[in-house]
2 protein chains.
Amino acid sequence: MQSSPLLENLIESLRCLPGVGPKSAQRMAYHLLQRNRSGGMELARSLTAAMSQIGHCQHCRTFTEEDSCNICNNPRRQSSGLLCVVEQPSDIQAIEQTGQFSGRYFVLMGHLSPLDGIGPKEIGLDLLHKRLQNEKFTEVILATNPTVEGDATANYIAELCVEQGIKVSRIAHGIPVGGELEMVDGTTLTHSFLGRREIHY
Amino acid sequence: MQSSPLLENLIESLRCLPGVGPKSAQRMAYHLLQRNRSGGMELARSLTAAMSQIGHCQHCRTFTEEDSCNICNNPRRQSSGLLCVVEQPSDIQAIEQTGQFSGRYFVLMGHLSPLDGIGPKEIGLDLLHKRLQNEKFTEVILATNPTVEGDATANYIAELCVEQGIKVSRIAHGIPVGGELEMVDGTTLTHSFLGRREIHY
Ligand SMILES: [Zn+2]
Ligand SMILES: [Zn+2]
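Labelled according to an unreviewed UniProt entry, chain A appears under the name Recombination protein RecR, originating from Seminibacterium arietis. Chain A has a UniProt comment under Function (unreviewed entry) that states "May play a role in DNA repair. It seems to be involved in an RecBC-independent recombinational process of DNA repair. It may act with RecF and RecO." Turning to chain A, the UniProt annotation filed under Sequence similarities (unreviewed entry) states: "Belongs to the RecR family."

Now the structure itself:
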């Protein structure tokens, strides 16, 4: 029994966060109430703004509240000619932290999975196709996860690039097979960028 | 570099939660954006309501949005004659889960710590003193943490009880010395309740 319905609601609501069970939800609620109410209010405002205003970039599909994201808007990145294709917005963050890449991205928000009804359209490949036709890319780097689905998705996109006569490569060395790109350390990810190999057909 | 300022704000704000570092804050933000926006909005509402409306019970000082908390309002608990003194609201929750106690509580919101300027008034002992005079308690159970400060605080309150001729006991068996009441498992806490000893002066 909690001493108040609002406290019960707060503890219950905190459990929507991944990795937060009943014990930690309770600890979080008490912590905010006792020591950091202004932090709690600030978190509420950030959540409301993010959940209601963040959509997808019209160029790369990553999360942004604008039509076009910070990365796509950057002129230095526009002139690089490199496009890196990833599965998730969090993969961008992991790659950015290596400091090895200063081109643009394309975020699939998933991977091909025909059995689940996820085809080329669902992962934005019509948009990617248009970009490959309309913009001048010198190289497309395929950084999907090294899983069966990630590899199949990379192969599919590689064919699109080859059709357009664009050089295409797959990041390679160091990523454990079956692993998640997001979880790999920076050094491994750096190696996999430097060791990328062009795909020839 | 994040793709959006609102996303950066959200990740930064999530770090006000205890135990949440940069990596898990990022994972939480992406999870909510991709899979549970309604959960994120609900959490924002719960936070706002809790942070702005929850105050302290006028009887026991625990968290509540009413003048008087759910536990103090319960007639069965009012008639029990038992009062359990704890340091934190989270200690109530731990004791409730043992199912061994059905009396009322008094929450100090800390312990005596003269060097930090925390004297009897700061932990509500004037209010406790009035309650000991005005209500008919058959026993006061001191469940402060088994630390130097918790013991000193318990001794101080024991004297108040003895002055009023009220039986007073200290929970005892099983709690590791130097430990935190909140972290103890239910069985240990049950033992320490059953094995409580009256304090004689
Ligand atoms: Zn973009
Ligand atoms: Zn109360």
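Caption draft 1: How the structure looks around the pattern of salt bridges. All names here are of chain A. Taken as a whole, this structure holds 12 salt bridges over all chains when the rule is applied. One salt bridge in this structure joins E139 and K167, with 3.9 Å as the shortest N-O distance. Of the two residues, E139 sits in strand β5 (residues 139–142) while K167 sits in strand β6 (residues 167–170), which places them 28 residues apart along the sequence. Residue E139 is classed as buried on the basis of its relative accessible area of 7%. Via salt bridges that share partners, R104, R131 and E135 belong to a single interconnected network.

Caption draft 2: Fine view of the coordination of the zinc ion (ligand 2). Residues and elements named next belong to chain B. Within the first shell, the zinc ion (ligand 2) binds the protein through C57 (SG), C60 (SG), C69 (SG) and C72 (SG), at distances of 2.3 to 2.4 Å. Note that the zinc ion (ligand 2) binds four donor atoms; their angles at the metal cover 105 to 119 degrees, and the shape is tetrahedral. All donor residues of the zinc ion (ligand 2) come from one chain, and their arrangement in sequence is C-x2-C-x8-C-x2-C. Each member of the pair, C60 together with C69, is buried.

Caption draft 3: Spatial organisation of the pairing of strand β4 (residues 104–107) of chain A. Residue and element names in this part refer to chain A. Of the two faces of β4, the one holding R104 and F106 and the one holding Y105 and V107 are both buried throughout. As defined by bridge partners, strand β3 (residues 82–86) adjoins β4 across four bridges and the pair is classed as parallel. Across the sheet, residue V85 finds its bridge partner in β4, namely F106. The parallel pair β3 and β4, bridged by helix α6 (residues 89–98), forms a crossover whose chirality is right-handed.

Caption draft 4: Quick peek at the pairing of strand β5 (residues 139–142) of chain B. Residue and element names in this part refer to chain B. Alternating residues of β5 divide into E139 and I141 and V140 and L142, and every residue in both groups is buried. Bridge analysis of β5 against strand β6 (residues 167–170) gives four bridges, and the strand direction is parallel. In the sheet register, E139 faces β6, and the bridge partner there is K167. Read as a crossover between parallel neighbours, the route from β5 over helix α8 (residues 148–163) to β6 is right-handed.

Caption draft 5: Spotlight on the interface of chain A and chain B. Counting residues at the interface gives 55 residues for chain A and 55 residues for chain B. Taking both partners together, chain A and chain B bury about 5,600 Å²; carbon and sulfur atoms supply 66% of that area. If you look at where chain A meets chain B, you find zero salt bridges. Between the two partners, chain A and chain B, sit 12 residue pairs in polar contact (both at pLDDT 80 or more). Elements represented by at least two residues in the side of chain A that touches chain B include exactly α1 (5–14), α2 (22–35), α3 (37–53), β2 (63–64), α4 (70–73) and α6 of chain A.

The rules behind each value
- Think of each chain on its own: its residues are numbered from 1, step by step along the sequence as written.
- Whichever chain is written first is A, and whichever ligand is written first is 1; the rest continue in order.
- Given that this is a predicted model, residues contribute local features only at a pLDDT of at least 70 and side-chain atom pairs are listed and counted only at 80 or more, while totals for whole chains, interfaces and linings are drawn from all residues.
- Excluding hydrogens and water, the side-chain values take into account all heavy atoms of the structure.
- UniProt positions are given in the numbering used here, feature names are shortened, and annotations may be inferred rather than shown by experiment.
- The rule for a salt bridge is simple: a side-chain nitrogen of Lys or Arg has to be within 4 Å of a carboxyl oxygen of Asp or Glu.
- Where helices and strands are cited, they refer to DSSP runs of H or I of at least four residues and of E of at least two residues respectively, numbered from the N terminus.
- The buried label applies to any residue whose accessible area, calculated with a 1.4 Å probe on protein chains only, is under 20% of its type's maximum; exposed applies above 50%, and partly exposed to all values in between.
- Coordination partners: N, O, S within 2.8 Å of the metal, 3.2 Å for Na, K and Ca; water not considered, so apparent gaps in a site are possible.
- A four-donor site is called tetrahedral if each angle lies between 85 and 135 degrees; a four-donor site is square planar, and a six-donor site octahedral, when trans pairs exceed 155 degrees and the remaining angles lie between 65 and 115; all other cases are labelled irregular.
- When DSSP finds two or more bridges between two strands, those strands count as paired.
- Place the viewer so that the strands point away; then a crossover is right-handed whenever the path from the first strand over the helix to the second strand goes clockwise.
- Every residue pair with non-hydrogen atoms within 4.5 Å of one another is taken to be in contact.
- The term buried area means the drop in 1.4 Å probe accessible area that two parts suffer when joined, counted for both and summed.
- Whenever a nitrogen or oxygen atom comes within 3.5 Å of another N or O atom, the pair is scored as a polar contact, on the condition that within protein one atom can donate a hydrogen and the other can accept it, and that pairs from neighbouring residues in sequence are kept only if both atoms are in side chains.

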